[in-house]
Amino acid sequence: MVNWSPPPETVKKRSPWVQVVGHAGNFQTDSDGRLLKKYCESEQQCFLQLMSDSLRPFVPGYYGVTQRDEQDYNLMDDLLADFDSPCIMDCKMGSRTYLEEELKKARECPQPRKDMYEKMIAVDPEAPTEEERLQQAVLKTRYMQWRETLSSTATLGFRIEGIKKSDGTCNTNFKRTKCKDEVVQALEDFVDNNMLILRSYQQRLQELRDILEKSDFFKAHEVVGSSLLFVHDVTGKAGIWMIDFGKTVPMTPPLTLDHRSPWLEGNREDGYLWGLDNFIDILTTMLQEK
Ligand SMILES: Nc1ncnc2c1ncn2[C@@H]1O[C@H](COP(=O)(O)OP(=O)(O)OP(=O)(O)O)[C@@H](O)[C@H]1O
Ligand SMILES: O=P(O)(O)O[C@@H]1[C@H](O)[C@H](O)[C@@H](OP(=O)(O)O)[C@H](OP(=O)(O)O)[C@H]1O
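Nothing here was measured: the structure is a model prediction, and the numbers come from that model. (Residues numbered from 1 in each chain as written. Chains lettered and ligands numbered in written order. Predicted model: local features only at pLDDT ≥ 70, side-chain atom pairs only at ≥ 80, totals over all residues. Heavy atoms only, no water.)

Student: Is there a simple way to explain the sheet that holds strand 1 (residues 27–29) in this structure?
Tutor: Paired through their backbone hydrogen bonds, the strands of a sheet run either parallel or antiparallel. Pairing in this open sheet of four strands is antiparallel, and the strands run 1-2-4-3 from one edge to the other. Two strands lie at the open edges of the sheet, namely strand 1 and strand 3 (62–68), each paired on one side alone. Strand-to-strand twist of the sheet, defined as the mean angle between neighbouring strand axes without regard to direction, takes the value 30°. Pairing between strand 3 and strand 4 (residues 71–77): five bridges, direction antiparallel. If you follow Val 65 over to strand 4, its bridge partner there is Asn 74. Sitting on the sheet, helix 1 (residues 41–50) is in contact with strand 2 (34–38), strand 3 and strand 4, with an inclination near 145° to strand 3. (Pairing = 2+ DSSP bridges. Helix = DSSP H or I, 4+ residues; strand = E, 2+ residues; numbered from the N terminus. Axes fitted to C-alpha atoms, helices over the stretch in contact; angles between N-to-C directions. Contact = heavy atoms within 4.5 Å.)

Below, the structure is given as structure tokens:
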């Protein structure tokens, strides 16, 4: 028997997976270019529906639930697997980052959080109210609203959460990146002024918008806290995918959302498409000005 192995140059090197932002300890990798994310039932329900929705090309492939060390995980494609030392950006979409349900619960049973108070004063010691200062704690919804107005979430309907460059540097210090000029600067730095990459991203976002406007899944879900993951590498390859459906919840039929109308409590609008429109406009202006 002859043992054959391919010549070294044809063996594809897989870049190791890296997490840009999000909860620490939520992910594990496997050897097949797949990722395990701690099981969340609502996320599983979304993935199951997305696999037969028109949005399928814009989300990681989903392979069901798996167990490791007695913990359940949702198994999905590692979107970085086909890239060579990728640059990665996580942008949280929408004008609201907490569910209406969370607001209701916070009113019925307020649970002020000390960790969020600490995170708040680390950024702005003046931000807490007198009452919050006395309690040394803030409600989660209050913290989330504060984060929205401090960043571009409230004014543009999306915000940059983190950027990891191909040289390994990682920046998650975007809490105060709010106005258009600051967003543009961060985007220019992310693509290293490569207009071909920027054009690919603009086209991919336009394709995504076309599909979102027709998707049955999207119409029927409040999409909160979900991100777009931007990935490109030195070969010029670039892609964008929707990730994180932990707070994407179904509307009660026949209710639907347009994802552009301003949020008024009770209407459950999330501002996702409003944010995407703004994102596309920003990229278009950047390309015109070059
Ligand atoms: N399918 C994927 N392929 C590659 N990287 C991924 C994938 N899903 C998530 N990631 C990485 O993990 C990070 C966190 O992902 P995600 O938002 O799903 O986690 P989370 O813990 O639910 O976050 P949050 O704190 O916003 O709730 C992303 O920024 C990205 O770097
Ligand atoms: O980015 P920050 O400022 O660190 O704040 C976190 C961020 O808003 C996460 O999206 C949120 O998790 P969810 O989206 O799952 O609500 C988390 O809440 P948590 O601490 O309750 O997990 C916050 O602490």
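Student: What is the right way to read the site of ligand 2 from this model?
Tutor: The immediate surroundings of ligand 2 are formed by His 23, Lys 92, Arg 113, Met 116, Lys 119, Lys 140, Tyr 143, Met 144, Arg 147, Lys 175 and Lys 247. In this structure, an oxygen atom belonging to ligand 2 sits 2.6 Å away from a side-chain N or O atom of His 23. Here ligand 2 loses 73% of its free accessible area of 510 Å² to cover by the protein chains. For the shell around ligand 2, the elements supplying multiple residues, two or more each, are helix 3 (114–123) and helix 5 (140–150). Counting residues per element, the shell around ligand 2 draws most heavily on helix 5, which supplies four residues. Across the shell around ligand 2, the residue classes tally to three nonpolar, one polar and seven charged. (Near = heavy atom within 4 Å. Polar contact = N/O pair within 3.5 Å; in protein donor to acceptor, adjacent residues only side chain to side chain. Areas by Shrake-Rupley, 256 points an atom, 1.4 Å probe, with all protein chains shown as cover. Nonpolar A, V, L, I, M, F, W, Y, C, P; charged D, E, K, R; others polar.)

Student: I would appreciate a short explanation of helix 1 in the present structure.
Tutor: Residues lying three or four places apart along an α-helix face the same way, a consequence of the helix completing one turn every 3.6 residues. Along helix 1, the residues that are buried comprise Glu 43, Gln 44, Cys 46, Phe 47 and Leu 50. All buried residues of helix 1 project into a common sector of 160° when viewed along the axis, lining one side. Residues of helix 1 that are buried sit in contact with strand 2, strand 3, strand 4, helix 9 (216–219), strand 8 (221–223) and strand 11 (248–250). (Buried < 20%, exposed > 50% of the residue type's maximum accessible area, 1.4 Å probe, protein only. Arc of directions from axis to C-beta.)

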